[in-house]
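If you want the building blocks of each chain, they are given just below.
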Amino acid sequence: TPALGLTLDGVYTVDGDAGFRFTRGTEVTIAEGGGELYLSAGGLTIDMGSSFTLKRHAPEDGKEPGGIYIHESEKDNLFAGDLKLSSNGSGGIESILTIQVEDYLYGVVAYEMSNSFPLEALKAQAIAARPYAMRARAANKTKAYDVVDTTADQVFKGFDPALTNVIKAVDSTRGIV
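Just so it is clear, the structure is predicted and the values come from calculations on it, not from any experiment.

Q: Just checking my understanding: could you explain the nonpolar core for this structure?
A: Soluble, globular proteins show a tendency: their nonpolar side chains are buried together. Residues Leu6, Ile30, Phe52, Leu54 and Leu85 are the most contacted members of the largest nonpolar core, which totals 39 residues. For this core, the leading source of residues is helix α1 (residues 101-112), giving seven residues. For Ile30, the contacting residues outside a window of four places in its chain are Pro2, Ala3, Leu4, Leu6, Leu37, Tyr38, Leu39, Phe52, Leu85 and Ile93.

In structure tokens form, the structure reads like this:
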């Protein structure tokens, strides 16, 4: 896509620079033009060069770290982690999410199966999905990313807090491979 609309549901900085900080609830648009990325927020547009990373930080208010809502994604779910954005050289934006494996599983188990499946089946899926992701990470060390979010790897659509059975399954099997 040539542009992305984002809602930052957490504290984020650009490339870890504390002077370039966004607070929870900030609306951001990223647009690609001529191999450059343009970040727009609060009526200001800045040329960010060909790539940059929105880095997630622990909030000072004690709330959960949150993540990013990507308005162009299939589901209105939270993507918890750092988001690297790059011009793909063809007028589009490549986005790579760096995420902890347990946060990743919240967005995998629900779409590889369904929240309505029995809890024990969801637990088995969570346990099976961990080594798959770890194996993909080891096999793809030379790539910019470990897995894709489609059936080519494991379907991933972000975190939905309404999927309580999936959350319970992932949490109760945390770390088990």
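Q: Help me understand the pairing of strand β6 (residues 44-47) in this model?
A: Along any regular strand, the residues point their side chains to alternate faces of the sheet. The pairing of strand β5 (residues 36-41) with β6 spans four bridges and is antiparallel. Bridge assignment links Ala41 to a residue of β6, and that residue is Leu44. The antiparallel hairpin formed by β5 and β6 contains two residues in its connecting segment, where Gly42 sits at a positive phi of about 60°.

Q: Sorry, what's going on with the packing of α1 against helix α3 (residues 164-172) here?
A: To characterise two packed helices, one gives the angle between the axes of the helices and the distance between these axes. The interhelical angle for the contact between α1 and α3, taken along N-to-C directions, is 135°, at an axis separation of 9 Å. One way to sum up the angle between α1 and α3 is to call them oblique. Crossing angle aside, the handedness with which α1 passes α3 is right-handed. Contacts between α1 and α3 involve Glu102, Leu105, Tyr106, Val109 and Ala110 from the first element and Val166, Ile167, Val170 and Asp171 from the second.

Cut-offs used in this document
Residues numbered from 1 in each chain as written. Predicted model: local features only at pLDDT ≥ 70, side-chain atom pairs only at ≥ 80, totals over all residues. Heavy atoms only, no water. Core = buried A, V, L, I, M, F, W, Y, C linked by side-chain atoms within 4.5 Å. Buried < 20%, exposed > 50% of the residue type's maximum accessible area, 1.4 Å probe, protein only. Helix = DSSP H or I, 4+ residues; strand = E, 2+ residues; numbered from the N terminus. Contact = heavy atoms within 4.5 Å. Pairing = 2+ DSSP bridges. Axes fitted to C-alpha atoms, helices over the stretch in contact; angles between N-to-C directions. Parallel < 35°, antiparallel > 145°, perpendicular 65-115°, else oblique. Left-handed = near helix turned anticlockwise from the far one by under 90°.

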